[in-house]
Amino acid sequence: MRASRLLSILLLLQTRGRMTAETLAAEFEVSVRTIYRDIDQLSAAGAPVYADRGRSGGFQLMDGYRTRLTGLTDAEAETLFLGGLSGPAAQMGFSGAVTTMQLKLLAALPPERQAAAERLAGRFHLDPVGWYQNPDEAERLPAIAQAVWTSRRIAVRYESWKGEVTRELEPLGLILKAGLWYLAARPAEGRSREPRTYRVSNILELTVGEVTFERPAAFDLTAWWAEASRRFEAEIFTGSATLRLSQEGRHRLARLGVEQARIAAQADATAGDGMADVTVPIESVEHAAMDFQRLGAEAEVLAPAALRSEMRDAALRLAALYRE
């Protein structure tokens, strides 16, 4: 385990440059003291690792040093084609490059590793789009991907929930979430330049400019998206509703979302008839009424009163529609 971590530290310093002991410790989920011991071990083995002290200091390799310890293990070779990127790469306009890359990697592998990589590619497939859905129609995605790659500013006309707006943006990254493409970008100018999320299919017009920008050195797309997703999910629920559910109602509730599934799984029958009372977060009365109608007669809304009234009105409209 330690030998693997030492090699990984060496490769990280080679690819990322200077890194602090705290950053390395977080990367490998070990203590800072362990990282210092690992660095001492690398130095003793002849790796030219040196430390810069001070606020912006850290560990780095001597300029020009390149390790050749990059051979693939059996497990690494077998997972070579398990990226599931062929579909998304085609949408971004990179399908040819991905195919060529895979062929070059295959050609560089020993024959026994080639067979392992090809066998895995033929037995596992990643489909990121949900059932009964089509991939996001994002015809401007290839141009946006090139702008992200080359750090060029873009001008967009965008359809937001408030209406159409025009923006000049610095594109920082693309995210594929459940078959939908999102752009992480920050305003090119203005008082607040915090990155924001834009759904690519909502971009009505796009112009890629010639002006380049300097990408924020500390921006981590994966970490930013995790925090942005958590914040969005926390902010979207503005209230809560109390429901009385049958066992079948709890099964149906679990199909509405991850949080609803968690609540349904923890609900226990509180009465002899098998009914259970649960409290679930809701976005709004209107959205909740549409969602809870999918539960049918297996759920009764107890509160809030406005949602109970909306459910009653919807049931009356439905009954009138099907009256003989």
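For the structure given in this document, a descriptive report is provided here. (Residues numbered from 1 in each chain as written. Predicted model: local features only at pLDDT ≥ 70, side-chain atom pairs only at ≥ 80, totals over all residues. Heavy atoms only, no water.)

### Let's talk about the packing of helix H2 (residues 21-28) against helix H3 (residues 32-44)
At a minimum axis separation of 8 Å, H2 and H3 run at an interaxial angle of 105 degrees. One element, H2, and the other, H3, form an angle in the roughly perpendicular class. Here H2 contributes Ala21, Glu22, Leu24, Ala25 and Phe28 to the contact with H3, which in turn contributes Val32, Ile35 and Tyr36. (Axes fitted to C-alpha atoms, helices over the stretch in contact; angles between N-to-C directions. Helix = DSSP H or I, 4+ residues; strand = E, 2+ residues; numbered from the N terminus. Parallel < 35°, antiparallel > 145°, perpendicular 65-115°, else oblique. Contact = heavy atoms within 4.5 Å.)

### Concerning the pattern of salt bridges
Within the structure shown, the criterion is met by 16 salt bridges. In this structure, Glu170 and Arg193 form a salt bridge, with 2.8 Å as the shortest nitrogen-oxygen distance. With Glu170 in strand E4 (residues 163-177) and Arg193 in the loop between strand E5 (180-187) and strand E6 (196-199), this pair connects stretches of sequence that are 23 residues apart. By relative accessible area, Glu170 is classed as buried at 2%. Under the relative-accessibility criterion, Arg193 is labelled partly exposed at 29%. Glu259 serves as the salt-bridge partner of Arg262, at 2.5 Å between the closest nitrogen and oxygen. On the criterion of helical spacing, the pair formed by Arg262 and Glu259 is a turn pair, its members being 3 residues apart in helix H11 (residues 258-266). Under the relative-accessibility criterion, Arg262 is labelled partly exposed at 39%. Note on Glu259: relative accessible area 28%, which makes it partly exposed. The structure contains a network of salt bridges with shared partners spanning Arg153, Glu168, Glu170, Arg186 and Arg193. (Salt bridge = Lys/Arg side-chain N within 4 Å of Asp/Glu carboxyl O. Buried < 20%, exposed > 50% of the residue type's maximum accessible area, 1.4 Å probe, protein only.)

### Some details on the packing of aromatic side chains
Counted by the stated rule, this structure contains 5 aromatic pairs. On the basis of an interplanar angle of 75 degrees and a centroid distance of 5.6 Å, the ring pair of Tyr36 and Phe59 is categorised as edge-to-face. One end of the pair, Tyr36, is in helix H3; the other, Phe59, is in strand E2 (residues 58-61), with 23 residues separating them in the sequence. According to the relative accessible area criterion, Tyr36 is partly exposed, its value standing at 43%. Judged by relative accessible area, Phe59 falls into the buried class, the value being 7%. Centre to centre, the rings of Phe219 and Trp224 are 6.0 Å apart; their planes meet at 50 degrees, and the pair counts as tilted. This pair shows no difference in class: Phe219 is buried, exactly as Trp224 is. One aromatic cluster is present, built from ring pairs that chain together Tyr182, Phe219, Trp224 and Trp225. (Phe/Tyr/Trp six-rings, centres within 6.5 Å; stacked < 30°, edge-to-face > 60°.)

### Examining unusual backbone geometry
Glycine aside, a negative phi is what most residues show, and trans is what most peptide bonds show. A cis geometry characterises the amide bond from Ala303 onward to Pro304, with omega recorded as 5 degrees. By the secondary structure assignment, Pro304 is in the loop between strand E10 (299-303) and helix H13 (305-321). Phi is positive for Glu29, which is not a glycine, with a value near 55 degrees. Here Glu29 shows up in the loop between H2 and H3. Positive phi is not limited to glycine here, since Ser151 has a value of about 55 degrees. With respect to the helices, strands and loops of the structure, Ser151 is situated in the loop between helix H8 (141-150) and strand E3 (152-160). For Ser151, a relative accessible area of 17% gives the class buried.

### Quick notes on the sheet that holds E5
The antiparallel open sheet is built from 5 strands, whose spatial order is E6-E5-E4-E3-E7. Edge positions in the open sheet fall to E6 and strand E7 (203-212), since each of these has one partner strand only. This sheet shows a mean twist of 45 degrees between the axes of neighbouring strands, independent of strand direction. Both E3 and E4 contribute to a ladder of 7 bridges, which runs antiparallel. Among the inter-strand pairings, Ser160 is bridged to a residue of E4, identified as Gly163. Sheet strands touched by H8: E3, E4, E5 and E7. Its angle to E4, the strand with the most contacts, is close to 75 degrees. Against the sheet, helix H9 (residues 221-236) contacts E4, E5 and E6, and its axis sits at roughly 115 degrees relative to E4. (Pairing = 2+ DSSP bridges.)

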